[in-house]
Amino acid sequence: MWDNVKELMVGACDLHIHAGPDVVPRQHDLLEVAQEAAEAGMRVLGIKDHNTATADRVALAQKIIPESITLMGGIVLNNAVGGFNTEAVDKALKLGAKIVWMPSTDACLTIEKVHKTNQTPWLLPVVDLKKPEQGLTVLDEWPSGKNIRPEVKEILKLIAEKDAVLDTCHLSAYECSKLIDEAKDIGVKKIIVTHPNCSVNPMTISEQRELVEKGAYVSYAFLPCMPLFDRQHPKEIATMMEGIGMDHCLLFSDFGQIFNPSPVEGYKMFLASLLAVGLSENDLQKAAKLNPARLLDLD
Ligand SMILES: [Zn+2]
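Residues numbered from 1 in each chain as written. Predicted model: local features only at pLDDT ≥ 70, side-chain atom pairs only at ≥ 80, totals over all residues. Heavy atoms only, no water.

As for the coordination of the zinc ion
Turning to step 1, where the next piece is worked out: Donor atoms from the polypeptide that coordinate the zinc ion comprise His16 (NE2), His18 (NE2) and Asp254 (OD), at 2.0 to 2.1 Å from the metal.
Turning to step 2, where the next piece is worked out: Sequence positions of the donors to the zinc ion reduce to the motif H-x1-H-x235-D. Summarising the burial analysis for this pair, His16 and His18 share the class buried. (Donors = N, O, S within 2.8 Å, 3.2 Å for Na, K, Ca; no water. Buried < 20%, exposed > 50% of the residue type's maximum accessible area, 1.4 Å probe, protein only.)

A closer look at the sheet that holds strand β3 (residues 70–72)
Turning to step 1, where the next piece is worked out: Spatially, the three strands line up as an open sheet ordered β1-β2-β3, and their pairing is parallel. Since the sheet does not close on itself, it has two edges, and those belong to β1 (13–17) and β3, each with one partner. Each strand axis lies, on average, 20° off the axis of its neighbour in the sheet, ignoring direction.
Turning to step 2, where the next piece is worked out: Here three bridges tie strand β2 (residues 44–47) to β3, and the two strands are oriented parallel to one another. (Pairing = 2+ DSSP bridges. Helix = DSSP H or I, 4+ residues; strand = E, 2+ residues; numbered from the N terminus. Axes fitted to C-alpha atoms, helices over the stretch in contact; angles between N-to-C directions.)

Digging into the nonpolar core
Turning to step 1, where the next piece is worked out: One finds Met42, Met102 and Met241 to be the most contacted residues of the largest nonpolar core, which totals 107 residues.
Turning to step 2, where the next piece is worked out: Per-element accounting of this core gives the leading share, seven residues, to helix α10 (residues 263–276).
Turning to step 3, where the next piece is worked out: Apart from the residues within four sequence positions on either side, Met42 is in contact with Met9, Gly11, Ala12, Cys13, Asp14, Ala37, Ser68, Ile69, Val264 and Tyr267. (Core = buried A, V, L, I, M, F, W, Y, C linked by side-chain atoms within 4.5 Å. Contact = heavy atoms within 4.5 Å.)

Describing the pairing of strand β8 (residues 217–221)
Turning to step 1, where the next piece is worked out: Along β8, five of the five residues are buried, which leaves the element largely enclosed by surrounding structure.
Turning to step 2, where the next piece is worked out: Note: strand β7 (residues 190–194) against β8, three bridges, orientation parallel. Directly across from Ile192, in β8, lies its bridge partner Tyr217.
Turning to step 3, where the next piece is worked out: For the crossover from β7 across helix α8 (residues 205–213) to β8, the handedness is right-handed.
Turning to step 4, where the next piece is worked out: The sheet contact formed by β8 and strand β9 (residues 249–252) spans four bridges and is parallel. When the bridges of β9 are listed, Ser219 appears paired with Leu250. (Right-handed = clockwise from strand over helix to strand, strands pointing away.)

What about the packing of aromatic side chains?
Turning to step 1, where the next piece is worked out: Throughout the structure, instances matching the rule amount to four aromatic pairs.
Turning to step 2, where the next piece is worked out: With a centroid separation of 4.8 Å and an interplanar angle of 20°, the aromatic rings of Phe222 and Phe270 are classed as stacked. A residue pair is termed long-range when its members are at least 10 positions apart, and Phe222 in the loop between β8 and α9 (234–244) and Phe270 in helix α10 qualify at 48 residues.
Turning to step 3, where the next piece is worked out: For Phe270, a relative accessible area of 0% corresponds to the buried category.
Turning to step 4, where the next piece is worked out: Each ring, one from Phe229 and one from Phe259, has its centre 5.8 Å from the other, and the planes form 40°; the classification is tilted. A residue pair is termed long-range when its members are at least 10 positions apart, and Phe229 in the loop between β8 and α9 and Phe259 in the loop between β9 and α10 qualify at 30 residues. (Phe/Tyr/Trp six-rings, centres within 6.5 Å; stacked < 30°, edge-to-face > 60°.)

Observations concerning the pattern of salt bridges
Turning to step 1, where the next piece is worked out: Inspection of the entire model under this criterion finds 14 salt bridges.
Turning to step 2, where the next piece is worked out: The structure contains a network of salt bridges with shared partners spanning Glu87, Asp90, Lys91 and Lys94. (Salt bridge = Lys/Arg side-chain N within 4 Å of Asp/Glu carboxyl O.)

Thoughts on the sheet that holds β9
Pairing between the strands of a sheet is mediated by backbone hydrogen bonds and can be parallel or antiparallel.
Turning to step 1, where the next piece is worked out: The sheet built from six strands is open, its strands ordered β4-β5-β6-β7-β8-β9 with parallel pairing. Of all strands in the sheet, those bounded by a partner on one side alone are β4 (74–76) and β9. In this sheet, neighbouring strand axes are inclined to one another by 25° on average, regardless of whether the strands run parallel or antiparallel.
Turning to step 2, where the next piece is worked out: The pairing of β4 with strand β5 (residues 99–101) spans three bridges and is parallel. The partner of Val76 across the bridge, within β5, is Trp101.
Turning to step 3, where the next piece is worked out: Along the sheet, helix α7 (residues 173–186) makes contact with β6 (165–167) and β7, crossing β7 at roughly 170°.

Thoughts on the side chain of Gln257
Turning to step 1, where the next piece is worked out: Along the chain, Gln257 turns up in the loop between β9 and α10.
Turning to step 2, where the next piece is worked out: Assessed through its relative accessible area of 10%, Gln257 is described here as buried.
Turning to step 3, where the next piece is worked out: Ignoring sequence-local partners within four residues, the contact set of Gln257 consists of His18, Arg26, Gln27, Leu223 and Phe229.

Comments concerning the state of the cysteines
Turning to step 1, where the next piece is worked out: Within the structure shown, the criterion is met by zero disulfides.
Turning to step 2, where the next piece is worked out: Just so you know, Cys176 is unpaired, no disulfide at all, and the nearest cysteine sulfur is the one on Cys169, 9.6 Å from it.
Turning to step 3, where the next piece is worked out: The exposure class assigned to Cys176 is buried, which follows from its relative accessible area of 0%. (Disulfide = S-S within 2.5 Å.)

Have a look at this one:
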């Protein structure tokens, strides 16, 4: 099985990893992760920082890492960049950002899961706001407003103009549904729904399917399976993947934490675990390589 995993790593894309420098300690810096990923034959890494845009550091790193790997930078719309700040998004895109993530640690839903319902205690150290209504939502009212905020619509226009990726990050299934409708109307083509297998933004298979029908890819993260996180069984992820159909699945490690293996090692473990719980090599070819290549127009 390990040989299969090595082959699956060649051409694989992980569009959500964390690397130093960061405001929290990271296992590896960006150059170390990129080098390891290139050695494993990976094709694309998406570099996510909860607080700062990453397009500039990615552009510099790209000059000294092997050409076989492409780093993609982006911006996460938390309070450190002014939340839904059109100016910050515009400049990040001009700097070459390829992925615009909706809020993570400052999202209303995250604050609720961390401070109110206590379902995601492991995020406690990085979620400063205490009340869900103090957080960021794409809706005019939390949790069930009917309309997308005007500044979010402006951001969707910027994403559409640059044909960048819209990643729903830590939004609720309901927010995703509203946001994706709006994004499609505005002309956004590349949409990822992030880790609905995670306790911070869990979604049922039917909710995930609804988002796929609207035109999104769904990406599963391995992080929730780790001992200090949700201790999720990989079988649950495999069931979700089968439930929405392999042609719509992506895989993220979401690694970079100091107590987990490196993102590259994490991605390998993820593939091996999914094989072990019954997914086929063909299924994983799609999720690791073909689907991200199609999403990103790589071929
Ligand atoms: Zn992450």
